[in-house]
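Residues per chain, in single letters:
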Amino acid sequence: MLKLVTDDGNPRSALSVEDLPLGPWAGTMLRVWATKTGTRWHADPDCPSLKSRARSDEFAQRSSGTLGDRILPEGLHCDPPGTLTDYLNAARHLVYYANETDEAERKRARGDLPISALGRHLGAFGNMDELLAEEPLASISGPEHNRRSRLAEDVNRYLSADSERACVMVLADWVRRGRTPRGHQRHYDRFVEAAVTVFNAAGLTSNIGMHYAVNRDALPEWLESVAGGSTCESATQAVADQEFAHAQRGRRADESDIPKLVRETWLSAGARWQLMLESMALAHPGTVLALFKRHGSGLDTDLLDVLARTGPWATLKIAHLDWTVAELPTACRLSFASNDDGSGGVILLEEPGYQVTHETCELFLRNLAHSLGYPDLTQHVRRGTAALDRTPRTKATDREYELSLAVQRRGFSSYPGGAGISADTCRPALLAALEGDQLARPSAGRKRRSRT
Ligand SMILES: [Zn+2]
């Protein structure tokens, strides 16, 4: 039987491939091959593990039912090529997606924000998008897409209302990146030091050295889970439980109190880290309007996607180019500046407030493409929506590849006057957008600021 999405909040059992309809398998004849003495059957005649097609057999499939009703030989090695496998892959993808939503909903119920799941799209490669949009999978993929969208909207609403949480997440990501040598490594080191101090005070040492012990797993994992949407409290609890289990495995008979003390001390260390992050957040209040590249901004991509959707935003996406303009927590400034590969983004406006809407963001990107001399790119500007986007990526022409590469090479710059795109470069496009004006295609004589 098909276990479909329940909207009444009842827990449902995990969807499996066996639950999905037979689709193109219905009524087909499955042909399989084996070597003369082989015990494994292969449905792909070109399978590299199939040395010869000495024996073959056929299995007539039922005319209706689910993939669980397929009639297959014992120990089937591989899937039949073509339509049947394409359908199976789409079914597997859909099941993975549904189960991932289940897990994300459980996280959300605990107070965590399931960031990584919200960035994922239903449908991925090849003809999967079409298969998922057609029956018999459409009636399952549609509700699954909606379920994920509802979760995304819930997180949006929550993050828009609690901007401190968003700021803490950005800062956790930024501090974590300081683990590898770069400008702000000393900030990461302070977190290590804070935990070491707590352990020294408790009289606990480690044979590998406390600095090493903190830096190896606990701190990076803690920062990663906070940046990934866990509350500081649950991230701390996870570290403490893990270290407790570890201490219990390694304890000697005469040290029965040690694991408990280890757990208590990690709880204190986590509380100290939380206080540090929250204090930092106080120093970076509010939001900014920023232009950034989605990959290589200096901030986690999943986190960026979620944050961008909480306010007005728009994208310019084609070939190598993946730009977003969005309202982000002010702390993103630190992430952009700490990026390895030039500036990760440009701060366009402090405290954008009511004057910036989705339309402003869209207009700004169109104006920017014009003012940079790439009017052809304006057609790839998309206005943001709170819901998850399901439109497939546009296929780029050769010329668009060239253009996008040229823009991408130029990069961003935090200083005016250089080759990179800076806040100064963006200003004419921004001012026009704020007034609702559209910059016209630049002509030979007037390259900028010509208005319609
Ligand atoms: Zn095979």
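Looking now at the overall build of the chain. Each helix and strand in the chain was counted, giving 14 helices and seven strands. Considered along the principal axes of its C-alpha atoms, the chain spans approximately 80 × 70 × 45 Å. Considering only residue pairs separated by 6 or more positions, the chain has 72% of its internal contacts joining residues 24 or more positions apart.

Axis separation between helix H6 (residues 185–201) and helix H9 (residues 258–282) bottoms out at 9 Å; the angle between their running directions is 145°. Helix-helix and strand crossings are classified by hand; for H6 and H9 the assignment is right-handed. Across the interface between the two elements, Phe191, Ala194, Ala195, Val198 and Phe199 from H6 touch Thr265, Ser268, Ala269, Arg272, Trp273 and Met276 from H9. Across the contact of H6 with H9, the residue classes break down as eight nonpolar, two polar and one charged.

Attention now moves to the domain arrangement of the chain. The assigned domain composition of the chain is domain 1 (17–158), domain 2 (166–282) and domain 3 (287–434). Computed from C-alpha atoms alone, the centre-to-centre distance between domain 2 and domain 3 is 35 Å. With twelve residues of domain 2 in contact, the opposing surface of domain 3 contributes ten residues. Per-element tally for the side of domain 2 that touches domain 3: the top contributor is helix H5 (residues 163–177), with eight residues. Residue classes in the side of domain 2 that touches domain 3 are distributed as seven nonpolar, two polar and three charged.

A word on the sheet that holds strand E7 (residues 381–383). If you walk across this open sheet you meet the five strands as E6-E3-E5-E4-E7, and the pairing is antiparallel. Since the sheet does not close on itself, it has two edges, and those belong to strand E6 (345–350) and E7, each with one partner. Here the strands of the sheet are splayed against their neighbours by 20° on average, with no regard to which way each runs. In this fold helix H12 (residues 358–371) packs onto strand E4 (313–318), strand E5 (321–329) and E7, with an angle of close to 35° to the strand it touches most, E4.

On to helix H10 (residues 301–309), then. In terms of residue burial, H10 counts as a mostly covered element, since seven of its nine residues are buried. Of the residues making up H10, those classed as buried are Leu303, Leu304, Asp305, Val306, Leu307, Ala308 and Arg309. Contact partners of the buried residues in H10: helix H2 (115–118), helix H4 (138–161), H5, helix H7 (210–227), E4 and E5.

Counting 91 residues, the largest nonpolar core has Leu171, Ala290 and Leu365 as the members making the most contacts within it. Among all residues touching Ala290, those that are not within four sequence positions of it are Ala326, Leu328, Cys332, Gly345, Val346, Ile347 and Leu348. Listed in part, the 14 residues of the second largest apolar core include Tyr87, Leu131, Leu137 and Ile140.

What counts, and at which threshold
- Residues numbered from 1 in each chain as written.
- Predicted model: local features only at pLDDT ≥ 70, side-chain atom pairs only at ≥ 80, totals over all residues.
- Helix = DSSP H or I, 4+ residues; strand = E, 2+ residues; numbered from the N terminus.
- Contact = placed C-beta atoms within 7 Å.
- Axes fitted to C-alpha atoms, helices over the stretch in contact; angles between N-to-C directions.
- Left-handed = near helix turned anticlockwise from the far one by under 90°.
- Nonpolar A, V, L, I, M, F, W, Y, C, P; charged D, E, K, R; others polar.
- Domains from an automatic or database assignment.
- Pairing = 2+ DSSP bridges.
- Buried ≥ 20, exposed ≤ 12 C-beta atoms within 10 Å, placed from the backbone.
- Core = buried A, V, L, I, M, F, W, Y, C linked by C-beta atoms within 7 Å.

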